Amino acid sequence: MGVKFKMEKEKIYKSVNVDNNNIYPGNPQGLPDESFFQDTLVFIDANFLSKLSNHFGKGRYLVYDLIKFSENLSRKQKFNCKKIFYYTAPPFQSSVPTSEEEKKKDGYDKFLDKLRKRGVIVREGRCQRLKSDENFVFKQKAVDILLAMDLMSVPLRYPEVKKIILISSDSDFVPIVENLEENGIKIILYTYYEKIRDTAFSVSNHLIKSVHKYVLLSKEDFDNAPLRKEVKNEKK
């Protein structure tokens, strides 16, 4: 009676007349207080995310803060981002690297070094070069295995975590997802697909049906995670 509530975007967060000064009303983006969030882990398939960034950038990779990006996705699910796992592979290096290969590797190393300093767990596979007709194609090897191994270790290493965010489109993870579900851990999948012909992002019904929930990533998710000035130009 007589108590006023703060409302933003048609959502009520809490009474404005609150005695606990350590708790603040929800923010303008419609997100509740982090004091109510449960911890989550974010697992990122870097090859998929890089491919999507290039797609949304129309041939140019978007510049964004990976940590902020992960934290934003977590908050959308009312989670607190406890730890970020990033799975990638270094650019291919010839037995005698060219100047271009060395430049790419240097940029790659600096980018990963910055991620590690900010607390991101980085797992690296390797890059294999294959010849197709008259051209070379490059494929990452062992990256998905590293990701699968870490997913399977969650119940033992992080017993308090009951919901995980997976950023990927790889249906090879379905058995692990199903196993985790059986152990009481739910997977929220952030992915992307297009229902058009000849698209580079086809839908994996098997993967989508296996997870607790899936969300399609958008360009806005990247735009809402601007890169700080001091870490710009360190992305490969």
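It should be noted that the structure appears before, not after, this text.
All of the points below concern the structure found in this document.

Reading guide: rules and limits
Going along each chain's sequence as written, the residues are numbered from 1 onward. This being a predicted model, a pLDDT of at least 70 is required before a residue's local features are given, and a value of 80 or more before pairs of side-chain atoms are given or counted; all residues contribute to the totals for chains, interfaces and linings. Only hydrogens and water are removed before side-chain values are computed, so all heavy atoms of the structure are retained for them. Elements are defined by DSSP. Helices are runs of H or I of four residues or more, strands are runs of E of two residues or more, and each kind is numbered from the N terminus. Whether a residue is buried, partly exposed or exposed follows from its accessible area with a 1.4 Å probe, protein chains only, as a fraction of its type maximum: under 20%, in between, or over 50%, in that order. Two residues qualify as a contact provided that any one of their heavy atoms is within 4.5 Å of a heavy atom in the partner residue. Only the protein chains shown count as cover for residues, and the accessible areas themselves come from Shrake-Rupley with a 1.4 Å probe. In plain words, nonpolar cores are sets of buried Ala, Val, Leu, Ile, Met, Phe, Trp, Tyr and Cys residues tied together by side-chain atoms within 4.5 Å. When DSSP locates at least two bridges between a pair of strands, those strands are taken to pair. Lines fitted to the C-alpha atoms define the axes, with helices restricted to the stretch that makes contact. Angles between their N-to-C directions range from 0 to 180 degrees.

Regarding the overall build of the chain
Okay, step 1: Helices and strands together make up the secondary structure of the chain, namely seven helices and ten strands.
Okay, step 2: For the chain, buried positions account for 40% of its 236 residues.
Okay, step 3: The long-range fraction of contacts in the chain, counting pairs at least 24 apart against all pairs at least 6 apart in sequence, stands at 66%.
Okay, step 4: When the accessible surface of the chain is summed, it comes to about 14,400 Å², and 49% of that surface belongs to carbon and sulfur atoms.

Thoughts on the nonpolar core
Okay, step 1: Judged by nonpolar contacts, the single largest core of 32 residues is most densely connected at L49, F69, Y86, L115, I167 and L217.
Okay, step 2: For this core, the secondary-structure elements that each account for two or more residues are β3 (38-45), α1 (46-56), α2 (66-76), β4 (79-88), α3 (99-117), β8 (163-167) and β9 (186-191).
Okay, step 3: Apart from the residues lying within four places of it in its own chain, the contact partners of L49 are I44, Y64, L66, F69, I167, L217 and F222.

A closer look at the sheet that holds strand β5 (residues 121-124)
Okay, step 1: Across the sheet, which stays open at both edges, the six strands sit in the order β5-β4-β3-β8-β9-β10 with parallel pairing between neighbours. Across the chains shown, the open sheet's two edge strands, defined by having one partner strand only, are β5 and β10 (213-216). For this sheet, the mean inter-axis angle between neighbouring strands, taken without regard to orientation, is 20°.
Okay, step 2: When β4 meets β5, the two strands line up parallel, connected through four bridges. Looking across to β5, one finds that Y87 is bridged to R123.
Okay, step 3: Packing against the sheet, α2 makes contact with β3, β4, β8 and β9, and its axis sits at approximately 135° to β4.

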